[in-house]
Amino acid sequence: MAVYPGTFDPFTPGHRDIVARARVMFDQLIVLLAVNADKQPTDEATARAVRVRAALPAAWGNVEVDTWTGLTTAYCLRRSATVIVRGVRTAADLRYEYQLAAMNEQLGIQTVWMPARPQLAATSSTVARAYRSAQSARPSHDAEE
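Criteria and thresholds
Counting restarts for each chain, with residues numbered from 1 along the sequence as it is written. In keeping with the predicted nature of the model, local features appear solely for residues at pLDDT of at least 70, side-chain atom pairs appear and are counted solely at 80 or more, and the whole-chain, interface and lining totals rest on all residues. In computing side-chain values, all of the structure's heavy atoms are included and hydrogens and water are not. A pair of strands is labelled paired if DSSP reports no fewer than 2 bridges between them. Helix numbers and strand numbers start at the N terminus; a helix is a DSSP run of H or I with at least 4 residues, a strand a run of E with at least 2. Angles shown run from 0 to 180 degrees and are taken between the N-to-C directions of axes, each axis being a line fitted to C-alpha atoms and, for helices, limited to the stretch in contact. It only takes one pair of heavy atoms within 4.5 Å for two residues to be counted as in contact. Burial classes: relative accessible area under 20% of the type maximum marks a residue as buried, over 50% as exposed, and values in between as partly exposed (1.4 Å probe, protein chains only). Salt bridges are counted wherever a side-chain nitrogen of Lys or Arg sits within 4 Å of a carboxyl oxygen of Asp or Glu. If you view a crossover with the strands going away from you and the path from the first strand over the helix to the second runs clockwise, you call it right-handed. Two N or O atoms form a polar contact when they lie within 3.5 Å of each other; inside protein one atom must be a possible hydrogen donor and the other a possible acceptor, and for residues adjacent in sequence the pair counts only when both atoms belong to side chains. Definition used in this section: a nonpolar core is a set of buried Ala, Val, Leu, Ile, Met, Phe, Trp, Tyr and Cys residues joined via side-chain atoms within 4.5 Å.

Enquirer: I'd love a proper account of the sheet that holds strand E2 (residues 29-35), names of residues and values included.
Expert: Taken in spatial order, the five strands line up as E3-E2-E1-E4-E5 in an open sheet, and their pairing is parallel. The outermost strands of the open sheet, each flanked by one partner alone, are strand E3 (63-69) and strand E5 (110-115). Each strand of the sheet is rotated relative to its neighbour by a mean of 30°, with strand direction disregarded. Judged from the two bridges that link them, strand E1 (residues 2-6) and strand E4 (residues 83-88) form a sheet pairing that is parallel. Each bridged residue has a counterpart across the sheet, and for valine 3 the counterpart in E4 is isoleucine 84. Docked against the sheet, helix H1 (residues 13-22) engages E1, E2, E3, E4 and E5, running at close to 120° with respect to E5. In the packing of helix H4 (residues 91-106) onto the sheet, the strands contacted are E4 and E5, and the crossing angle to E5 comes to about 160°.

Structure, rendered in structure tokens:
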């Protein structure tokens, strides 16, 4: 069993691609919406979890969506998951992820890095949120007519 953690605010095409690729590598994949006090997502984890589940095909029966407050490794140990899946877009991501993987390995949890596909690597959740915010702030042309 593997866990793919993140805040997923929003769940991007890149996230969905990682799920699609990871689900064929593992008998079960849990997309874990992390509740992180340092981040301020636009919605509660349960609302984000509903959107993530809706974005995944029902036929992907080996994919579960869950929420968790706390360390991902604690969740993995509780669920007997042995692998954490992480998407990597840039070399800077890889440096950061390497540090996390080293800590996780000390707890018996392996990390599998999946490189983002080049056509999806430019879009992060931060960029997607900024775009969504800019779109909602634009005046509607319909209102002017």
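Enquirer: Please provide a residue-by-residue account of the pairing of E2, values included.
Expert: With six of seven residues buried, E2 lies mostly within the body of the structure. Here E1 runs beside E2; their pairing, made up of five bridges, is parallel. Each residue of the ladder has a partner; that of tyrosine 4, found in E2, is valine 31. Relative to E3, E2 runs parallel, the two being bridged by seven bridges. Counterpart to leucine 32 in the pairing with E3 is aspartate 66.

Enquirer: So what's going on with the pattern of salt bridges? Residues and values would help.
Expert: The full count for this structure, using the stated rule, is seven salt bridges. When the shortest N-O distance is used, the salt bridge between glutamate 97 and arginine 86 registers 2.7 Å. Of the two residues, glutamate 97 sits in helix H4 while arginine 86 sits in strand E4, which places them 11 residues apart along the sequence. For glutamate 97, a relative accessible area of 5% gives the class buried.

Enquirer: Before we move on, can you summarise the pairing of E1 with the specific residues and values?
Expert: Most of E1 sits inside the fold, with five of its five residues counted as buried. What you see with E1 is no split at all: Ala2, Tyr4 and Gly6 on one side and Val3 and Pro5 on the other are buried throughout. In this fold, the crossover linking E1 to E2 by way of H1 has right-handed handedness.

Enquirer: I'd like to hear about the side chain of asparagine 62, residue by residue, with values.
Expert: With respect to the element layout, asparagine 62 can be found in the loop between helix H2 (45-55) and E3. Within polar-contact distance, the side chain of asparagine 62 engages the backbone oxygen of arginine 23 at 2.8 Å.

Enquirer: Tell me what's going on with the nonpolar core, and back it up with residues and numbers.
Expert: Of all hydrophobic cores here, the largest spans 20 residues; its most connected members are Val19, Val52, Leu56 and Val85. Only E1, H1, E2, H2, E3 and E4 provide two or more residues apiece to this core. Excluding residues within four positions of it along the chain, leucine 56 makes contact with Phe11, Arg16, Val19, Val63 and Val65. Among the nonpolar cores identified, the runner-up in size contains nine residues, and Trp68, Tyr75, Cys76 and Ala81 belong to it.

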